Each structure stands twice: as C-alpha cells, then as structure tokens.
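Close look at the chain arrangement
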Amino acid sequence: MRPVYLCGFMGCGKTTVGKLLAKQLGCKCIDLDDYIEQQAGMSIPEIFSQKGEPYFRELETKALTDLAAVGAVVATGGGALLSDKNGEVAKSSGLAVFIDTDFDTCYDRIKDDPHRPIAASSTKEQLKERFDSRRPLYMAHSHSSVSGDAAPLAIAAEIAGLYKDRFGR
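Residues numbered from 1 in each chain as written. Predicted model: local features only at pLDDT ≥ 70, side-chain atom pairs only at ≥ 80, totals over all residues. Heavy atoms only, no water.

**Side note on the layout of surface pockets**
In this structure, the largest pocket occupies an estimated 510 Å³ of space. Considering the residues around the largest pocket, the lining is formed by 29 residues, among which Asp33, Gly77, Gly78, His115 and Arg116 are closest to the centre. Elements supplying a minimum of two residues to the lining of the largest pocket: helix H1 (14-25), helix H2 (32-40), helix H3 (44-51), helix H4 (53-67) and helix H7 (117-120). Across the lining of the largest pocket, the residue classes break down as 10 nonpolar, 9 polar and 10 charged. (1 Å grid on protein atoms, 1.4 Å probe; cavity = no way out; pocket = protein on both sides within 12 Å on 5 of 7 lines; lining within 4 Å. Points joined across faces, edges and corners; volume = space filled by probe spheres on them. Helix = DSSP H or I, 4+ residues; strand = E, 2+ residues; numbered from the N terminus. Nonpolar A, V, L, I, M, F, W, Y, C, P; charged D, E, K, R; others polar.)

**Observations regarding the nonpolar core**
Formed by 53 residues in total, the largest nonpolar core has its most connected members in Leu6, Phe9, Leu21, Leu127 and Ile159. Among residues more than four places away in sequence, those in contact with leucine 6 are Lys14, Val17, Gly18, Leu21, Val73, Val74, Ala75, Thr76, Val97, Ile99 and Ile159. (Core = buried A, V, L, I, M, F, W, Y, C linked by side-chain atoms within 4.5 Å. Buried < 20%, exposed > 50% of the residue type's maximum accessible area, 1.4 Å probe, protein only. Contact = heavy atoms within 4.5 Å.)

**Points about the sheet that holds strand S2 (residues 28-31)**
Strand order across the open sheet formed by 5 strands is S2-S3-S1-S4-S5, with parallel pairing between neighbours. Since the sheet does not close on itself, it has two edges, and those belong to S2 and strand S5 (144-147), each with one partner. Sheet twist, expressed as the average angle between the axes of neighbouring strands with direction ignored, equals 25 degrees. When S2 meets strand S3 (residues 72-75), the two strands line up parallel, connected through 4 bridges. Looking at S3, one finds that cysteine 29 is bridged to valine 73. (Pairing = 2+ DSSP bridges. Axes fitted to C-alpha atoms, helices over the stretch in contact; angles between N-to-C directions.)

**Some thoughts on the side chain of glutamate 60**
Relative to the helices and strands, glutamate 60 resides in helix H4. Judged by relative accessible area, which is 1%, glutamate 60 ranks as buried. A distance of 2.8 Å separates polar atoms of two side chains, one belonging to glutamate 60 and the other to arginine 57. In this structure, glutamate 60 is in contact with Leu32, Ile36, Gly79 and Ala80, ignoring residues within four places of it in sequence. (Polar contact = N/O pair within 3.5 Å; in protein donor to acceptor, adjacent residues only side chain to side chain.)

**A look at H4**
Helical periodicity: at 3.6 residues per turn, an α-helix aligns residues three or four positions apart in one direction. In a regular helix each residue adds 1.5 Å, so 15 residues correspond to 21 Å; H4 covers 21 Å between its end C-alpha atoms and thus fits that length. For H4, the set of buried residues is Phe56, Arg57, Leu59, Glu60, Thr61, Ala63, Leu64 and Leu67. (Expected span 1.5 Å × (residues − 1).)

**Side note on the pattern of salt bridges**
Under the counting rule described, the total for this entry stands at 7 salt bridges. In this structure, the salt-bridge partner of lysine 62 is aspartate 66, at a minimum N-O distance of 2.9 Å. Residue lysine 62 and its partner aspartate 66 are both found in helix H4; the two are separated by 4 residues, about one turn of the helix. Relative accessible area serves as the criterion here: at 32%, aspartate 66 is assigned to the partly exposed category. Connected through salt bridges with shared partners, the residues Glu53, Arg57 and Glu60 form a single ionic network. (Salt bridge = Lys/Arg side-chain N within 4 Å of Asp/Glu carboxyl O.)

Laid out in structure tokens, this is it:
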C-alpha cells in the first residue's frame, strides 16, 4: 500500500478523517505531530520553545521522508506540506489530499487548544492571514482536494475512492 497524506489548516479534520480512512483502507493512521513528538522525545510546544520553528520543520521533513515507505494514512500537521520539498515527498510516494475546510470552522476547533503553539500565540486575524496564505500551497502540493464541510465518515469515503481510482485497490 502507498501512503495517503492528509493536509490542510489546523483544525480541518485531518486526524479525525485519517483514523476513519485508515479503517476503510485497512491500514494504520499516523498523526505526524505525534510521530515527531515520539521521535524527538518532547512535545511540539517544547520543540517550538526550546529549538524554534525552523528546527521543527526539519523534523517534519525527516518524518515525511521516513513515512514515505510506510503504507499508512498520515495526518500531517498544518504546516507540513507547505514546503516544495515536503509536497514533492508526499506527491511522489503516495496520494496527497487537501481537506478544504472553511476558516471559521477551523478556528472554532483550534482557538482554545494549548497544544497548537502557532494558534495559541496568534490572534484570529493573524490566523486568518496564515490560512489565506497557506491554502494555495495546500492545493499545489496535493493531488486532490475534498470539501471539509461533509461528515468525517463521508470525507473518508471520498478519499478512499480517490485512492482506489489512483492505485486500483
């Protein structure tokens, strides 16, 4: 099995949909941030505060490269597929799908989450600017996009269909 990479803004539903999709495809779901925390031996907020965002982004690239050989659904972090390098890793090794969820829905899901350092340290307006600047990159670094407005089970089923169309299983 080839990996499926789910991308999109913080709170778009990547982890929720990823778990459902993995069940449908008969594989495991790997949350990229959890994987990075396990590899680094520290939480994402600790990595950001002690080592900085650039270091975290390096860990993200290494993790994506490592997971390219694993047949799993990978729920990426909100910034994982922003770089051309990471986008190429995802697109060349599996299926990259952008879960396109509107900003207000994402914001409602992330606004009070202390485990999201960028959200915790940003105003709503700053997050909206980040959302708007990231959306074209998510689209460019994905094979397909799906609307995040549907129920998670329906989104997972749509992505499973995209996977089967692309890879025949």
